[in-house]
Amino acid sequence: MTIIVMGHIHTGPGEAARLTEALSAMMAAANAEEGCEHYSFAAHIDDPDLIIISERWTSAEALAAHGATAHMKAFNKALGGAVLKQVLVKAWDGAFVRTLVGG
């Protein structure tokens, strides 16, 4: 069953820009993991200090394995050194997918 992960990291002023290297490294490493179908961060269009999280995993086991990786530990360390207002990440089990636009 597909697992969808969505969330955000709201940083203090200028912190999102300072985290760019860590965000980029995390995306590259996560996208190379077995079971990762999609992993990305995006800047919010109206708030440069709001980072949007989007992930898609093939299973709960793949997501759990991701949480135990060295690059996840390194990423959490980078976040730990940043001023953060809020971090919120939620996961959903997805059994049904349909295309809304495009193809």
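The notes below deal with the structure included here. On a predicted model such as this, the values are computed, not experimentally measured, just so you know.

1. Observations regarding helix H4 (residues 70–80)
Within the span of H4, buried status applies to Met 72, Phe 75 and Leu 79. One face of H4 carries all of its buried residues, which in axial projection span an arc of 60 degrees. Residues of H4 that are exposed and point over 90 degrees away from its buried face: Ala 70, Lys 73, Lys 77 and Gly 80. On its buried face, H4 is in contact with strand S1 (2–11), helix H2 (20–31), strand S2 (36–43), helix H3 (60–67) and strand S4 (84–94).

2. Topic: the nonpolar core
Residues Ile 9, Tyr 39, Phe 41, Trp 57 and Phe 75 are the most contacted members of the largest nonpolar core, which totals 19 residues. Going through the elements one at a time, S1, H2, S2, strand S3 (50–57) and H4 are the ones with two or more residues in this core. The residues contacting Tyr 39, other than those within four sequence positions of it, are Met 26, Met 27, Ala 30, Asn 31, Ser 54, Glu 55, Trp 57 and His 66.

3. Notes on a nonpolar patch on the surface
On the surface, Leu 84, Val 87 and Val 89 cluster together into a nonpolar patch covering about 210 Å² of accessible area. Among the structural elements, Val 89 can be located in strand S4.

4. Remarks on the sheet that holds S2
Strand order in this open sheet of four strands is S2-S3-S1-S4, and the pairing throughout is antiparallel. Edge positions in the sheet fall to S2 and S4, since each has one partner strand and no second. Strand-to-strand twist across the sheet, computed as the mean angle between neighbouring axes with direction ignored, equals 10 degrees. Judged from the seven bridges that link them, S2 and S3 form a sheet pairing that is antiparallel. In the strand pairing of S3, Ala 42 is matched with Ile 52. Along the sheet, H2 makes contact with S2 and S3, crossing S2 at roughly 165 degrees. Here H3 sits on the sheet and contacts S1, S2, S3 and S4; the angle it forms with S3, its principal contact strand, is near 130 degrees.

The rules behind the values
Residues numbered from 1 in each chain as written. Predicted model: local features only at pLDDT ≥ 70, side-chain atom pairs only at ≥ 80, totals over all residues. Heavy atoms only, no water. Buried < 20%, exposed > 50% of the residue type's maximum accessible area, 1.4 Å probe, protein only. Helix = DSSP H or I, 4+ residues; strand = E, 2+ residues; numbered from the N terminus. Arc of directions from axis to C-beta. Contact = heavy atoms within 4.5 Å. Core = buried A, V, L, I, M, F, W, Y, C linked by side-chain atoms within 4.5 Å. Patch = residues over 30% accessible without salt bridge, like charges linked within 9 Å, V, L, I, M, F, W, Y side chains within 5 Å. Areas by Shrake-Rupley, 256 points an atom, 1.4 Å probe, with all protein chains shown as cover. Salt bridge = Lys/Arg side-chain N within 4 Å of Asp/Glu carboxyl O. Pairing = 2+ DSSP bridges. Axes fitted to C-alpha atoms, helices over the stretch in contact; angles between N-to-C directions.

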